[in-house]
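Breakdown of the fold
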Amino acid sequence: MALLPILVAPDPRLKTKAKPVEKVDAETAQLMEDMLETMYAAPGIGLAAPQVGVSKRVIVVDVAPEGEKNPLRMANPEILWASDDLREYEEGCLSLPEQYDAVTRPDRVKVRFLDHQNEIREIEADGLLATCIQHEIDHLDGKLFVDYLSSLRRNMVLRKLTKLKKSDPDLGQPKKVAAEV
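Criteria and cut-off values
Residues numbered from 1 in each chain as written. Predicted model: local features only at pLDDT ≥ 70, side-chain atom pairs only at ≥ 80, totals over all residues. Heavy atoms only, no water. Helix = DSSP H or I, 4+ residues; strand = E, 2+ residues; numbered from the N terminus. Rg over C-alpha atoms; globule rule 2.2 N^0.38 Å. Buried < 20%, exposed > 50% of the residue type's maximum accessible area, 1.4 Å probe, protein only. Contact = heavy atoms within 4.5 Å. Areas by Shrake-Rupley, 256 points an atom, 1.4 Å probe, with all protein chains shown as cover. Pairing = 2+ DSSP bridges. Phe/Tyr/Trp six-rings, centres within 6.5 Å; stacked < 30°, edge-to-face > 60°. Lys NZ or Arg CZ within 6 Å of the ring centre and 35° of its normal. pLDDT = per-residue confidence, 0-100. Axes fitted to C-alpha atoms, helices over the stretch in contact; angles between N-to-C directions.

Looking only at helices and strands, one finds three helices and seven strands in the chain. Put simply, the chain runs from its N terminus to its C terminus through helices and strands in the order α-β-β-β-β-β-β-β-α-α. For 181 residues, the compact-globule formula gives about 16 Å, and the C-alpha radius of gyration of the chain, at 16 Å, lands near that figure. By its C-alpha atoms, the chain is 45 × 45 × 35 Å across when sized along the principal axes. Buried residues in the chain amount to 42% of all 181 residues. Once local pairs closer than 6 in sequence are excluded, the contacts in the chain between residues at least 24 apart make up 66%. As displayed, the chain has an accessible area near 10,000 Å², and 50% of this comes from carbon and sulfur atoms.

Quick look at the structure:
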């Protein structure tokens, strides 16, 4: 497994639509594992392939409590149904470090995807898991959580990140992590 560099906004690659995966082969399954390792090291609860510079419709999420792991690996995730009930969460993003803001999304979703063994799966998710899945699917369509904010707030965040990138050349690069015992 490998830690991957995470793209930081305003990188133009974050705004492009990812390509569908024909099937989850060994290469895509390895990408999923590398993405999980990168996400855990960051640390984060979700990561999309475009965030690591790969234009594939692949996401990983894990909203298990700290100290536990319950990862979901999804290729070609599609929302089949979303509730009319909405919920607001304070969202952040590994591609927008140290930036957080409230975003309102459907509270529940039903999602179809290919898992890491190329099996078609469907799940229903609610609360934080539903929010995380929707956030990561947005990345596959070139959309960031700041795109839900007012243009004034979005521009403030992106200007801040541009300055941060200039002052920290290692921003987004894999962090060295101690080996697990």
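The subject of this paragraph is the pairing of strand 6 (residues 108–114). Remember that side chains alternate between the two faces of the sheet whenever the strand is regular. When strand 3 (residues 72–82) meets strand 6, the two strands line up antiparallel, connected through five bridges. Pairing of Trp81 across the sheet is with Lys110, part of strand 6. With antiparallel pairing between neighbouring strands as the criterion, strand 6 and strand 7 (residues 120–126) make up a hairpin whose turn holds five residues, including Asn118 at a positive phi of roughly 65°.

To continue, consider the side chain of Asp138. The residue Asp138 is located in helix 2 (residues 127–140) in this model. Setting aside anything within four residues of it in sequence, one finds Asp138 in contact with Arg105, Lys143 and Tyr148.

Note: strand 6 against strand 7, seven bridges, orientation antiparallel. Paired with Val109 across the strands is Ala125, a residue of strand 7.

Once that is clear, we can look at the packing of aromatic side chains. As enumerated under the stated definition, the model contains zero aromatic pairs in all. The ring of Tyr40 has Lys69 sitting right over it, with the charged end atom 4.3 Å from the ring centre. The positively charged end of Lys143 is found above the aromatic ring belonging to Tyr148, 4.2 Å away from the centroid.

Further remarks concern the confidence of the model for the chain. Per-residue pLDDT for the chain has a mean of 92; in total, 93% of the residues score no lower than 70. Between residues 176–181, whose pLDDT stays under 50, and residues either more than four places distant or in other chains, the model counts three contacts.

This part is about the sheet that holds strand 3. The strand order across the open sheet built from five strands is 1-2-3-6-7, with neighbouring strands paired in antiparallel fashion. Lying at the two open borders of the sheet, with one neighbouring strand each, are strand 1 (46–48) and strand 7. Pairs of neighbouring strands in the sheet enclose a mean axial angle of 40°, with direction left out of account.

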